[in-house]
Amino acid sequence: MNDVLRQFPAVHELLAASPFAALIEHYGRDAVVTSLRHELDQLRKMAQQGKDVTDLLATDHLGAAVNQHLINSTKPRLRPVINATGILLHTNLGRAPMAEAAVEAAAMAARGYLNLEIDLVTGKRSSRPDAVRPWLTKLMGCESATLVNNNAAATVIVLRALAQGREVIVSRGQLVEIGGSFRIPEIMAASGATLTEVGATNITRLSDYERAISDKTALLLRVHASNYRIVGHTETPSIKEMVQLGKGRGIPVVDDIGSGSLIDMSEWGLDDEPMPRASLKVGADLVLFSGDKLLGGPQCGIIAGRADLIEKIERDPLMRAFRVDKMTLAALEATLRLYLDPEKALDAIPLIKMLEIPLAVLQERAYLLARYLGNVPGLNVHVADTKAYVGGGTLPDRSVRSVALAIRSEHLSENDLALRLRMNEPAIMGRVEDGSVLLDLRTIPSEQDQAMLEAVQQALHDSPTR
Ligand SMILES: *Cc1c(COP(=O)(O)O)cnc(C)c1O
């Protein structure tokens, strides 16, 4: 073994050899030396474990390995992913894919100058939300609207601007945590408002709110319990009842609905998802929701409702820290304009298209793909009935029927197969279940079928490269 270790070529000698000279020209000496040391360390470890590395130490082989290492280490860290998880709004995969018109608008904003804060008629300074305010008020039938970076920021700014140093009444059943670190009680503390909890986890009555109201009460807050559900004996007042109470006592009612949709999605089984328009119609003073959930736009938090409250919010100093960038603003405007004609929205917003596609169409596609993959040696494939989930802070039991290719390799474990698919370009994220990798078709646009077929075949005979 020591003989082998003694045989290891010296780095400075290798660098003079031809494959490395070419690599140095391309990547620079430092990068090549680092990669070469890394490769030699790996081989040394293998040799110490008693493996024969003689062939791997050949100059040509080392050159190829270092080349591959350099290619991989200079690749972008962010790469396109084919979402085969069946989760439509997958937060870790970037939530909603945007409509082509929104993508173009964001690129327009990125590429050149635009009237971000200039009124082109007067030539005077305008405010950033002015670009989307008219569309938002028209679509939701409200007085005014504004926006910040995400719905978490919307909650903070609303509580700060309207309830700092005062009390906000929330039902105990709505003190939720959303996405790891966003907890209503902590957000409340961070914004300087005092939380007044009322009711019990499963039951809160209007009278509970009524009794908690004092001269320190600034707001009644309803938080849509978006990512969990309490089943059994439950009761909470409707937003309409809360509004009646609030109006009687002169206290604004804020509805944090999380995943606001501008169109009725009950047809696809999403009948419990609150619509901002409906909340505003029954008199909620403000509604808050995300731009990149069921709206299918860019990440942002939309605040809509009473003009005097929106003005107060926009005057808060933190507004400057929470403001959206020009690409987000442009993408949101383009998305909202699609909703002006709901037919257009159905056709153009990827999220809605994925929800809307009939099961039979997905099944037909699945059988075609399975027949093709059935000819690949070493691969077992069958079509499985699945449930696709909306995800991204909509109810966890809200699913849509779907279909997946369940693939299994005769030689690779399901985890290795999943790894190889993730290392493909484009990466494919499936779901490992019962010894197979499931590729759910509801979240895969049919344009990506070809890339997916190629990736599966590649995965079976290539070794993955990170
Ligand atoms: C998702 C969600 C949020 C957080 O929204 P982000 O846009 O992710 O910051 C807040 N409240 C509710 C009810 C939600 O569902």
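Scroll up a little and you will see the structure.
Residues numbered from 1 in each chain as written. Predicted model: local features only at pLDDT ≥ 70, side-chain atom pairs only at ≥ 80, totals over all residues. Heavy atoms only, no water.

Sorry if this is basic, but what is going on with the nonpolar core here?
Considering soluble globular proteins, one finds that nonpolar side chains tend to be buried as a cluster. In terms of nonpolar packing, the biggest core is built from 55 residues, with M140, L220 and Y339 touching the most fellow members. If one sorts the elements of this core by residue count, helix α15 (residues 326-339) sits on top with five residues. Residues L162, V168, F182 and L288 belong to the second largest nonpolar core, which totals 32 residues. (Core = buried A, V, L, I, M, F, W, Y, C linked by side-chain atoms within 4.5 Å. Buried < 20%, exposed > 50% of the residue type's maximum accessible area, 1.4 Å probe, protein only. Helix = DSSP H or I, 4+ residues; strand = E, 2+ residues; numbered from the N terminus.)

Got a minute to help me understand the environment of Q448 in this structure?
Looking at the element boundaries, Q448 is found in the loop between β15 (436-440) and α20 (449-461). For Q448, a relative accessible area of 26% gives the class partly exposed. When the C-alpha atoms of Q448 and N83 are compared, they prove to be 9.9 Å apart, with 365 residues separating the residues in sequence.

Hey, could you run me through the sheet that holds strand β14 (residues 431-433) in this one?
Within a sheet, each strand pairs with its neighbour through backbone hydrogen bonds, oriented either parallel or antiparallel. Strand order in the open sheet made by the four strands is β11-β12-β15-β14, with antiparallel pairing throughout. Where the open sheet ends on each side, the last strands, each with one partner, are β11 (379-389) and β14. The mean angle between the axes of side-by-side strands here comes to 35°, regardless of whether they run parallel or antiparallel. Here β14 runs beside β15; their pairing, made up of three bridges, is antiparallel. Bridge pairing in β15 places E433 opposite S436. Where helix α19 (residues 414-423) meets the sheet, it contacts β12 (399-409), β14 and β15, and its direction lies at approximately 40° from that of β15. Here α20 sits on the sheet in contact with β11, β12 and β15, set at roughly 30° to β12. (Pairing = 2+ DSSP bridges. Axes fitted to C-alpha atoms, helices over the stretch in contact; angles between N-to-C directions. Contact = heavy atoms within 4.5 Å.)

Can you walk me through the packing of helix α3 (residues 18-27) against helix α4 (residues 29-48) in this structure?
Two numbers describe a pair of packed helices, the interaxial angle and the distance between the axes. Running from N to C, α3 and α4 point in directions that differ by 125°, and their axes come no closer than 7 Å. Taken as axis vectors, α3 and α4 run oblique relative to one another. On the side of α3, the interface is formed by F20, L23, I24 and Y27, while α4 contributes R29, A31, V32 and L36. When the residues that make up the contact of α3 with α4 are grouped by side-chain class, the tally is seven nonpolar, no polar and one charged. (Parallel < 35°, antiparallel > 145°, perpendicular 65-115°, else oblique. Nonpolar A, V, L, I, M, F, W, Y, C, P; charged D, E, K, R; others polar.)

Whenever I open this one, the environment of Q164 confuses me. Can you help?
Within the secondary structure layout, Q164 lies in the loop between α8 (151-163) and β3 (167-171). Accessibility expressed as a relative area gives 44% for Q164, which makes it partly exposed. Discounting residues that sit within four places of it in the chain, Q164 has contacts with L159, S191, G192 and A193.

In this structure, what is going on with helix α11 (residues 239-249)? I would like to understand it.
Side chains three or four residues apart in an α-helix point the same way, a direct result of the helix having 3.6 residues per turn. Along α11, the residues that are buried comprise I239, M242, V243, L245 and G246. Buried positions in α11, seen along its axis, are confined to an arc of 165° and lie on one side of it. Facing away from the buried side of α11 by more than 90 degrees, the exposed set consists of Q244, K247 and G248. In this structure, the buried side of α11 is in contact with α10 (206-212), β7 (217-223), β8 (253-258) and α12 (276-281). Immediately beyond the C-terminal end of α11, within one or two residues, lies G250, with a positive phi of roughly 70°. (Arc of directions from axis to C-beta.)

Could you clarify how one ought to interpret the packing of α3 against helix α5 (residues 59-74) in this entry?
Between α3 and α5, the shortest axis-to-axis distance is 9 Å and the interhelical angle comes to 15°. The angle between the axes of α3 and α5 places the two elements in the roughly parallel class. You can see that α3 and α5 cross each other, and the crossing is left-handed. Here P19, F20, L23 and Y27 of α3 lie close against α5, whose contacting residues are T59, D60, L62, G63, V66, N67, L70, I71 and T74. Tallied by class, the residues present in the contact of α3 with α5 amount to eight nonpolar, four polar and one charged. (Left-handed = near helix turned anticlockwise from the far one by under 90°.)

Is there a simple way to think about a negative patch on the surface in this case?
Side chains of D264, E267, D341, E343, D347 and E356 sit close together on the surface and give a patch of like negative charge. When its relative accessible area of 47% is taken as the criterion, D264 is described as partly exposed. (Patch = residues over 30% accessible without salt bridge, like charges linked within 9 Å, V, L, I, M, F, W, Y side chains within 5 Å. Areas by Shrake-Rupley, 256 points an atom, 1.4 Å probe, with all protein chains shown as cover. Salt bridge = Lys/Arg side-chain N within 4 Å of Asp/Glu carboxyl O. Lys, Arg positive; Asp, Glu negative; His and termini not counted. Charge placed at Lys NZ, Arg CZ, Asp CG, Glu CD.)

So what exactly am I meant to see when it comes to the sheet that holds strand β6 (residues 194-198) here?
Spatially, the seven strands line up as an open sheet ordered β2-β10-β9-β8-β7-β3-β6, and their pairing is mixed. Two strands lie at the open edges of the sheet, namely β2 (144-148) and β6, each paired on one side alone. Across the sheet, the axes of successive neighbouring strands diverge by a mean angle of 25°, strand direction being ignored. Note: β7 against β8, four bridges, orientation parallel. What sits directly across from V223, in β8, is D256. In the packing of α8 onto the sheet, contacts are made with β2, β3, β7, β8, β9 (286-290) and β10 (301-305), and the angle to β9 comes to roughly 155°.

Help me understand the pairing of β10 in this model?
Most of β10 sits out of view: five of its five residues are buried. Neither face of β10 is exposed, since G301, I303 and G305 on one face and I302 and A304 on the opposite face are all buried. As defined by bridge partners, β2 adjoins β10 across five bridges and the pair is classed as antiparallel. From the neighbouring strand, V148 faces β10, where its bridge partner is G301.

Just checking my understanding: could you explain the layout of surface pockets for this structure?
To locate leftover empty space, one rolls a probe as large as a water molecule over the atoms. Taken as a whole, the second largest pocket spans an internal volume of roughly 480 Å³. In terms of lining, the second largest pocket is formed by 20 residues, of which the most central are Q174, H224, A225, R229 and T236. Here the residues of the lining of the second largest pocket are counted per class, giving eight nonpolar, eight polar and four charged. (1 Å grid on protein atoms, 1.4 Å probe; cavity = no way out; pocket = protein on both sides within 12 Å on 5 of 7 lines; lining within 4 Å. Points joined across faces, edges and corners; volume = space filled by probe spheres on them.)

I keep staring at the pattern of salt bridges and nothing clicks. Help me out?
Side chains that differ in charge, positive against negative, can pair when their charged atoms come close. With the rule as written, the count across this model stands at 20 salt bridges. Put simply, R205 and E235 hold a salt bridge, and the shortest N to O gap is 3.6 Å. Here the residue R205 occupies a position in the loop between β6 and α10, and E235 occupies one in the loop between β7 and α11, the gap between them amounting to 30 residues. On the basis of relative accessible area, E235 is assigned to the partly exposed category, the value being 34%.

Explain the pairing of β9 here, please?
On a regular strand, one side chain projects to one face of the sheet and the next to the other, so that they alternate. Counting buried positions along β9 gives five out of five residues, so the element sits mostly inside the fold. Side-chain alternation along β9 places L286, L288 and S290 on one buried face and V287 and F289 on a second face that is also buried. Sheet topology places β8 next to β9; four bridges connect them, and they run parallel. The residue of β9 that forms the bridge with D255 is V287. In this view, the connection linking β8 to its parallel neighbour β9 by way of α12 has right-handed handedness. By the bridge criterion, five bridges tie β9 to β10 in an arrangement that is antiparallel. Residue pairing in the sheet places V287 in a bridge with A304 of β10. (Right-handed = clockwise from strand over helix to strand, strands pointing away.)

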